[in-house]
Amino acid sequence: MAKYVGAIDQGTTSTRFMVFDHAGTEVARHQLEHQQLLPRAGWVEHNPVEIWERTSAVVKTALGKSRLDASDLAAVGITNQRETTIVWDRHTGRPLHNAIVWQDTRTDAIAAALDRDGRGDVIRHRAGLPPATYFSGGKLQWILDNVRGAREAAERGDAIFGTPDTWVLWNLTGGPDGGVHVTDVTNASRTMLMDLETLDWDPELLDALRIPAAMLPEIRCSAEVYGTADGVLAGVPVASALGDQQAALFGQTCFQPGEAKCTYGTGSFLLLNTGASPVPSRHGLLTTVAYRIDGHPAVYALEGAIAVTGSLVQWLRDNLGLISTAPEVEELARTVDDNGGCYVVPAFSGLFAPHWRSDARGVIAGLTGYITKGHLARAVLEASAWQTREVVDAMNADSDVALRRLRVDGGMTGNTLLMQFLADVLDVPVVRSRITETTCLGAAYAAGLAVGFWPELGTLRAQWRSDAQWTPEMDPAHREQELRNWRKAVQRTLDWVE
């Protein structure tokens, strides 16, 4: 009998494979980075072939290091960077263009046009999303309009579309030789093309973005068996797919309405479970599908998407050279007692939730001769917390129940200075999951449920454990003053791009 469940996490900067046992404990892992392609300012691309090669390599290496075989796995799940858009030839598997990454802003004119002529209101109502460069639909339209022969191939059904979950799943189950062309409701809900009520592609939305229906994957549940893997995972059922943030919500076992988590990675994403009905946002949040288990109704969420958090630390390291490794940012920030009046607003690709301003660009505000690199490092960390505060304020305004506790995960949660500051600015306890890589855990949980490896959600909930908690310590008057300063800094980012 198979003892484990595997999960592929195809992320923005790397791909990893992890294996978990019945207790949800990690037993194997391997991870490889892939190249970030930046052909122009504001453009971000990945090589889909490299992503698939990395996926195969991490699975093979993780199994080999832990002396496991594919037969030891009851199922495998997939979680992925969302909105990143890939178009490829269904007969050869050759991509027609590099993947256009969720951070890419080349589609700003497409998004603006949608808003100008009223199509944006239809998208908001049906898909729960504002027209923005962030989502897949505009990226897909750009490829069809700008890559020679792409639109004709798509209309014939020869060129097909998918986010990275679909690309990995198609290749994993045979590729040109019978690969399964599906996506799940969570990833489909990030395209601007799916109706949140029907959970299917919406003909009016497809017309609005001029997308041929023939190229789209079938929308399925997040936890169900899609097919059987080939190659290094030959014979293993492929039984889940969730966008990475929904997978983290699932891995954090936020199964009840009102429960929320925030994942701190390249960007940061706060999701609040809102139950069986979509909740329209009036304050700049996204209405999205949280997950759907086969045989059960969909569960929805409100989401606040922050484009730049962990990648701001990378920028401090790679572009400015103030640190040599990401963890050093905490050590540098601790050389000072506060930010010295300095604020960093990292609107590198515009501002995401709750502002949705593609015209914004990053600023460092409050610079004086007093500011040192320590102050700058501290302001970089604080930016993640203040951006979270803006999202939480919007979430409290949209939902019936104010946030009383925030579960956190992701690589940045190892930074204790940031976690304490986060609790201070939110004025609620911040609780870190014992397993910080909850995206993989959520994909594994969903796959395991689909094949009976775990019997029910209650079993998963009973396994959740925290390993640290931070409680607010900041004086309320100081918090409000800092918040006012942050808001002033945000205002300085606006109207930069004409």
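These numbers come from a predicted model, not from an experiment. (Residues numbered from 1 in each chain as written. Predicted model: local features only at pLDDT ≥ 70, side-chain atom pairs only at ≥ 80, totals over all residues. Heavy atoms only, no water.)

Asks: Sorry if this is basic, but what is going on with the overall build of the protein chain here?
Replies: A count of helical and extended segments in the protein chain gives 16 helices and 23 strands. The C-alpha atoms of the protein chain give 22 Å as radius of gyration, which agrees with the globular expectation for 498 residues (23 Å, within 12%). On the principal axes, the C-alpha backbone points of the protein chain span a range of 65 × 50 × 45 Å. When burial is assessed residue by residue, the protein chain has 64% of its 498 residues classed as buried. Within the protein chain, contacts between residues separated by at least 24 positions form 72% of all contacts whose residues are at least 6 apart in sequence. Of the accessible surface of the protein chain, which amounts to about 18,600 Å², a share of 48% is contributed by carbon and sulfur atoms. The positive charge centre, built from 45 side chains, and the negative charge centre, built from 60, are 2 Å apart in the protein chain. (Helix = DSSP H or I, 4+ residues; strand = E, 2+ residues; numbered from the N terminus. Rg over C-alpha atoms; globule rule 2.2 N^0.38 Å. Buried < 20%, exposed > 50% of the residue type's maximum accessible area, 1.4 Å probe, protein only. Contact = heavy atoms within 4.5 Å. Areas by Shrake-Rupley, 256 points an atom, 1.4 Å probe, with all protein chains shown as cover. Lys, Arg positive; Asp, Glu negative; His and termini not counted. Charge placed at Lys NZ, Arg CZ, Asp CG, Glu CD.)

Asks: How should I be thinking about the nonpolar core in this particular structure?
Replies: The nonpolar side chains of a soluble globular protein tend to be buried, and buried together. Among the nonpolar cores identified, the biggest contains 143 residues, and Y134, I211, M215, L216, F250, L406 and L422 are the most heavily contacted of them. With 12 residues, the top contributor of residues to this core is helix α12 (residues 373-398). The residues touching L216, leaving out its near neighbours within four places in the chain, are L140, F161, H181, L193, W201, L206 and I211. Counting 32 residues, the second-largest nonpolar core is a separate cluster that includes I51, L73, I78 and L169. (Core = buried A, V, L, I, M, F, W, Y, C linked by side-chain atoms within 4.5 Å.)

Asks: Explanation requested: the side chain of N339 in the structure shown.
Replies: Residue placement: N339 occurs in the loop between α11 (328-333) and β19 (343-345). Separated by 2.7 Å, the side chain of N339 and the backbone nitrogen of G341 make a polar contact. Leave out the neighbours within four places in its chain, and N339 touches I371, H375, R378, E382 and E482. (Polar contact = N/O pair within 3.5 Å; in protein donor to acceptor, adjacent residues only side chain to side chain.)

Asks: Please clarify how the sheet that holds strand β21 (residues 406-409) should be interpreted in this entry.
Replies: Strand pairing in a sheet is mediated by backbone hydrogen bonds. Such pairs are either parallel or antiparallel. Reading across the sheet, the seven strands line up as β17-β18-β16-β15-β21-β22-β23 and stay open at both edges, with mixed pairing between neighbours. The open sheet has two edge strands with one neighbour each: β17 (286-291) and β23 (466-470). Pairs of neighbouring strands in the sheet enclose a mean axial angle of 30 degrees, with direction left out of account. Across three bridges, β21 lies against strand β22 (residues 430-433) in parallel orientation. Within the sheet, the bridge partner assigned to V408 lies in β22 and is R432. (Pairing = 2+ DSSP bridges. Axes fitted to C-alpha atoms, helices over the stretch in contact; angles between N-to-C directions.)

Asks: Where do I start with the sheet that holds strand β5 (residues 73-80) in this structure?
Replies: Read across the open sheet, the six strands follow the order β3-β2-β1-β5-β14-β13; overall the sheet is mixed. Of all the strands in the sheet, just β3 (26-33) and β13 (223-228) have a single pairing partner and so form its edges. Averaged over all pairs of adjacent strands, the angle between strand axes in this sheet comes to 25 degrees, irrespective of strand direction. Bridge analysis of strand β1 (residues 4-10) against strand β2 (residues 14-20) gives six bridges, and the strand direction is antiparallel. Residue V5 lies in a different strand from β2, and its bridge partner there is F20. Of the strands in this sheet, β1, β2, β3 and β5 touch helix α1 (residues 48-65), which is tilted by about 145 degrees from β3.

Asks: Where do I start with the environment of V425 in this structure?
Replies: Position of V425 relative to the elements: it lies in helix α13 (residues 416-426). On the basis of relative accessibility, which here comes to 0%, the residue V425 falls in the buried class. Sequence-wise, V425 and T388 are 37 residues apart; in three dimensions their C-alpha atoms are separated by 8.9 Å.

Asks: I keep staring at the side chain of T309 and nothing clicks. Help me out?
Replies: With respect to the helices and strands, T309 occurs in the loop between β18 (299-306) and α10 (310-318). Beyond its immediate chain neighbours, meaning those up to four positions away, T309 contacts G265, T266, G267, S268, S384, Q387 and M412.

Asks: What exactly am I supposed to notice about the packing of helix α2 (residues 108-116) against helix α3 (residues 119-127) here?
Replies: Working note: a packed helix pair is described by the angle between its axes plus the distance between those axes. Direction vectors running N to C along α2 and α3 enclose 95 degrees, while the axes themselves pass 4 Å from each other. Our classification of the angle between α2 and α3 gives roughly perpendicular. The residues of α3 that touch α2, namely those facing A113, L114 and D115, are R119, G120, I123 and R124. Grouping the amino acids of the contact of α2 with α3 by side-chain chemistry returns three nonpolar, one polar and three charged. (Parallel < 35°, antiparallel > 145°, perpendicular 65-115°, else oblique. Nonpolar A, V, L, I, M, F, W, Y, C, P; charged D, E, K, R; others polar.)

Asks: Is there a simple way to explain the pattern of salt bridges in this structure?
Replies: Two side chains bearing opposite charge may form a pair once their charged atoms approach each other closely. Going through the model one piece at a time under the given rule, you end up with 32 salt bridges. Of the charged contacts, one joins R334 and E330 as a salt bridge, the two residues approaching to 3.0 Å between their closest N and O atoms. For the salt bridge of R487 with D393, the shortest nitrogen-to-oxygen distance reads 3.6 Å. Note that R487 is positioned in helix α16 (residues 476-491) and D393 in helix α12, a separation of 94 residues in sequence. The exposure class assigned to R487 is partly exposed, which follows from its relative accessible area of 42%. According to the relative accessible area criterion, D393 is partly exposed, its value standing at 27%. Several salt bridges share partner residues, and in doing so they unite R82, E83, R190, D244 and E303 into one network. (Salt bridge = Lys/Arg side-chain N within 4 Å of Asp/Glu carboxyl O.)

Asks: Explanation requested: helix α6 (residues 164-172) in the structure shown.
Replies: Each α-helix turn comprises 3.6 residues. Residues three or four places apart therefore point the same way. Burial within α6 is extensive, with nine of its nine residues counted as buried. Taken together, the buried positions of α6 are P164, D165, T166, W167, V168, L169, W170, N171 and L172. One or two residues past the end of α6 sits G174, with phi positive at roughly 125 degrees.

Asks: Teacher, can you tell me more about the pairing of β22 here?
Replies: Consecutive side chains along a regular strand alternate between the two faces of the sheet. A two-sided burial pattern is seen for β22, the buried positions comprising V430 and R432 on one face and V431 and S433 on the other. For the segment spanning β21, α13 and β22, crossover handedness is right-handed. Sheet topology places β22 next to β23; four bridges connect them, and they run antiparallel. Bridge pairing links V431 to Q469 in β23. (Right-handed = clockwise from strand over helix to strand, strands pointing away.)

Asks: I tried to follow α12 on my own but got confused; where do I start?
Replies: Across its 26 residues, α12 extends 38 Å between first and last C-alpha, which sits within 8% of the 38 Å expected from 1.5 Å per residue. Its maximal kink placed at E382, α12 deviates by approximately 25 degrees. Most of α12 sits inside the fold, with 22 of its 26 residues counted as buried. (Expected span 1.5 Å × (residues − 1). Bend = angle between axes of the 7 residues up to and from the residue.)

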